Amino acid sequence: MASTSLRNATQGVTSTHRHNLGVVLRAVLDSPSVSRTDVVKHTGLSKATVSRAVDELLARNLIQEGKETRSSGRGPGASILRPTPELGCVVGVDLGLTNCRLLCADLQGTIIGQSQFTTPKTSDYRALAQAVIGAIKALVGTTSYTDKISAAVIALASRVSNGHTIIDSLFEISQDNAPEASNDFFNALKQGIDADIVLDTDSNMALVSEMHEGAAAGMENAALVTVSTRVSAAIALEGQLLRGKRNLVGRIGNMPLVLTSAVDTSRTADELFSADVVCDIAKRNGLTTDIGELSTMVPYYPELQQFTETLISGLEILVSMLCATTDPDVVVFTGRMRPFLELCLPELERRLRDRNSLSPHIQLAMNESQTGCKGSLLCAIDNARGKILQQV
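Computed from a predicted structure; not experimentally measured. (Residues numbered from 1 in each chain as written. Predicted model: local features only at pLDDT ≥ 70, side-chain atom pairs only at ≥ 80, totals over all residues. Heavy atoms only, no water.)

Caption draft 1: Spatial organisation of the sheet that holds strand β7 (residues 196-201). Spatially, 5 strands are ordered β5-β4-β3-β6-β7 in an open sheet, and the strand pairing comes out mixed. Every interior strand has two partners, whereas the edge strands, β5 (111-118) and β7, have only one. Pairwise comparison of adjacent strand axes, ignoring direction, gives a mean angle of 15° for this sheet. When strand β4 (residues 99-105) meets β5, the two strands line up antiparallel, connected through 7 bridges. Bridging across to β5, Cys104 finds its partner in Gly113. Together, β3 (89-95), β4, β5 and β6 (149-156) form the strand contacts of helix α4 (residues 125-141), whose direction differs from that of β3 by roughly 140°. (Pairing = 2+ DSSP bridges. Helix = DSSP H or I, 4+ residues; strand = E, 2+ residues; numbered from the N terminus. Axes fitted to C-alpha atoms, helices over the stretch in contact; angles between N-to-C directions. Contact = heavy atoms within 4.5 Å.)

Encoded structure:
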């Protein structure tokens, strides 16, 4: 009995010690500039406990203690705690139809590099992967980390099928719903980069970005609708992305919609109001295909007016469906069709409020230029930190 009690007590001490190590390490990871005194304040642990934990983390080469500083208000003698460079950096990638954007950050979330390149016009998964690998290595090579990458998250175009670039339904390629052995794109990435790699949809990553510091900041339940070359969505419930067993959540572009405002009353969302549709209208009328300029011509062209009404009616159905199934606090809109969305959202919100006074807020994305890339970077940071915390 005595030996059992002693063993249980020892296990309890070990568990508490590991917990304290994790708390201190997370405090260092969460703060770009933190001292031992700061960790005591942030965690509520005693000075002695923090000191022991910091010393052990230093000995295990998980963190390092930097040079003294007198400019931060901590007073003389304060030293900065940082993750050791050997733990690597992280990369977020937004692989779009036209351009591929990349952001690189350290494990504390400080952006240390960014780049962009034109997405190759190829239907070869491996060639596409090699282009992404080359861009990631070139970007990281410009930082002090040289080639040490802890994690990378790549946001893929939700659905692209123009026959000349990213293969149709590229976003279905992921570790969760396709065997790695038959996944040329994912395997090529893994062979070229020694890091944890995750693939996700651009809409999911855009929603992560908006929930972090955008139109859905501070909200646990949110939805995002992307209207670009295709129409797609992302949903988060209680702060977690909703993907579904087969990664089908958010594939709203191929949903059939019945609209009295459309010439063909039963077509999919992609066929009714994607960017391709309005560009076809522009070509038929001899107009520019610049979406922003086209949006200013709506009052003068009946076909554009009809398209705008179709867009409002279609989004009304889609948002009503999202509300009925997930009840988000906000629905954020983003994508290439933003100029038309700016025209349509006031009327869309009015119609939704007429149907239900408790309808969610309707917002335009705030991080439009790099929203998918920023979301990918945030997820990469989270994945890398999780892996490191498991080591303690």
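Caption draft 2: Representation of unusual backbone geometry in the model. Phi is positive for Glu238, which is not a glycine, with a value near 50°. Positive phi, close to 50°, is recorded for Asp327, a residue that is not glycine.

Caption draft 3: Broad picture of the environment of Leu322. Tracing the chain through its elements places Leu322 in helix α10 (residues 302-326). Sequence separation of Leu322 and Ala233 is 89 residues, and the distance between their C-alpha atoms is 9.4 Å. Apart from residues lying up to four places away in sequence, Leu322 is in contact with Ala223, Val225, Ile235, Asp327 and Pro328.

Caption draft 4: A look at the packing of α4 against helix α5 (residues 184-192). Two elements in contact, α4 and α5, have axes separated by 8 Å at closest approach and are oriented at 30°. Two packed elements cross with a definite hand, and for α4 against α5 that hand is right-handed. Between α4, through Tyr125, Arg126, Leu128, Ala129, Val132, Ile133 and Lys137, and α5, the contact on the second element is made entirely by Asp184, Phe185, Ala188, Leu189, Gln191 and Gly192. Grouping the constituent residues of the contact of α4 with α5 by class yields 8 nonpolar, 2 polar and 3 charged. (Left-handed = near helix turned anticlockwise from the far one by under 90°. Nonpolar A, V, L, I, M, F, W, Y, C, P; charged D, E, K, R; others polar.)

Without other data, these values stay purely geometric and don't point to any function.
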